[in-house]
Amino acid sequence: MVHNIGVIGSGLMGLGIAQVAAQSGLQVRLNDANADALQDAITRIRKGLERLRDRDRLDGDVDTILTRIHLTTDLQEFAQSEVVIEAISENEDLKRGLFAQLDDICAPHTILASNTSSISITNIAAATSRPEYVVGMHFFNPVPAMQLVEVTRGIATSDTTVDKITQLGEQLGKTVVQAADTPGFIVNRILVPMLVEAIYAYQEGAASREDIDQAVRLGLGHPMGPLTLADLIGLDTLLAICDVYYRGFGDPKYRAPILLRRYVTAGWLGRKTGRGFYDYSSR
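Residues numbered from 1 in each chain as written. Predicted model: local features only at pLDDT ≥ 70, side-chain atom pairs only at ≥ 80, totals over all residues. Heavy atoms only, no water.

1. A few points about the side chain of T116
Step number 1: Residue placement: T116 occurs in the loop between β5 (111–114) and α5 (121–125).
Step number 2: For T116, a relative accessible area of 0% puts it in the buried group.
Step number 3: Of the polar contacts made by the side chain of T116, one reaches the side chain of E90; its length is 2.7 Å.
Step number 4: With residues near it in sequence (within four places) discarded, T116 still touches E90, K95, I121, I124, H138 and F185. (Helix = DSSP H or I, 4+ residues; strand = E, 2+ residues; numbered from the N terminus. Buried < 20%, exposed > 50% of the residue type's maximum accessible area, 1.4 Å probe, protein only. Polar contact = N/O pair within 3.5 Å; in protein donor to acceptor, adjacent residues only side chain to side chain. Contact = heavy atoms within 4.5 Å.)

2. Section: the domain arrangement of the protein
Step number 1: You can read the domains of the protein as domain 1 (4–180) and domain 2 (188–272).
Step number 2: Of note, the centres of domain 1 and domain 2, computed from C-alpha atoms alone, are 26 Å apart.
Step number 3: Residue-level contacts link 6 residues of domain 1 with 6 residues of domain 2.
Step number 4: Carbon and sulfur atoms make up 57% of the area that domain 1 and domain 2 hide from each other, which totals about 560 Å².
Step number 5: Looking only at domain 1, the three residues that lose the most surface to domain 2 are E90, S117 and S118, adding up to 59% of its buried area.
Step number 6: Inspection of the region where domain 1 meets domain 2 yields 0 salt bridges.
Step number 7: Our enumeration of links across domain 1 and domain 2 arrives at 0 residue pairs in polar contact (both at pLDDT 80 or more).
Step number 8: For the side of domain 1 that touches domain 2, the residue count by class is 1 nonpolar, 4 polar and 1 charged. (Domains from an automatic or database assignment. Buried area = accessible area lost by both parts, 1.4 Å probe. Salt bridge = Lys/Arg side-chain N within 4 Å of Asp/Glu carboxyl O. Nonpolar A, V, L, I, M, F, W, Y, C, P; charged D, E, K, R; others polar.)

3. Details of the side chain of S118
Step number 1: In this structure, S118 sits in the loop between β5 and α5.
Step number 2: S118 gets classed as buried once you look at its relative accessible area, which sits at 1%.
Step number 3: Looking at S118, its side chain comes within polar contact range of the side chain of E90, at 2.7 Å.
Step number 4: In contact with S118, other than residues within four places in its own chain, are E90, P183, G184, F185, I241, V244 and Y245.

4. Some details on the UniProt feature "binding site: NAD(+)" (unreviewed entry) in the protein
Step number 1: Mapped onto this structure's residue numbering, the UniProt feature "binding site: NAD(+)" (unreviewed entry) falls at G9, S10, G11, L12, M13, G14, D32, E90, K95, S117, N141 and K272.
Step number 2: Of note is the side chain of K95, whose polar atom sits 2.3 Å from the side chain of E86.
Step number 3: Take N141: it is sitting in the loop between β6 (134–139) and β7 (148–153).
Step number 4: If near-sequence neighbours (up to four positions away) are discounted, N141 is found in contact with L12, M13, M146 and L232. (UniProt positions renumbered as here; feature names shortened; annotations may be inferred.)

5. Digging into the environment of G225
Step number 1: With respect to the element layout, G225 can be found in the loop between α8 (209–220) and α9 (226–233).
Step number 2: For G225, a relative accessible area of 2% puts it in the buried group.
Step number 3: Between the C-alpha atoms of G225 and I212, which are 13 residues apart in sequence, the distance is 7.1 Å.
Step number 4: Once residues lying within four places of it in the same chain are set aside, the contact partners of G225 are D213 and R217.

Right under this line is the structure:
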């Protein structure tokens, strides 16, 4: 049983992980280099909890749950955390640099977990002196609503680490599956080529964005269309994943569409910036 965790990164994934952990009774340290981002995150967590309460889907009191989340800009506060979960940008150099810092700061047996959706756990673990304690723990967005967690071991990850992270996932009320350390693991390896193909279809004028989304929703029974989903994931994140897959597999089916790259260059990253394939500025 885990009693306290650290979460690094207060974006959608990080704040979602922090919320679920606090709802499950864990003490949480939520870190971001930007203090304003932390305040925004706790405001969004409160709103999320209040929505659950208003729908009679919350066990516990909103204020009590929030007292379990401690905000910090100081990584040194993770020195005694049992598990630290990284949820920063999908960039291997940034993640390796962070894990090297955590390796110096955290107690020797602290488990360092990455929420990466595409990057090799073995590569991240190589930045530390404790590869046996480094593991992938990939949540799905939105974390409070999505049931799945993918647990991925690097080449040196110990069975004990995998067992403890699996138990933590179950403690958070999630269903855990284990995936090999290959680009994209399970879900995104299957999902990303579909999203990429939808973008190519739009780029090539095969149909309007609305018709592409409606066709997939109604024809395949998906809850949202692929372009809407890409905007929700974040187009910068999707582009980073495509590039990791393309390098990892050498397969052209993972090559990023020019339109996706242009949108990211323009700062059209999806919902989080107010514009992607759709305009969210007035929503």
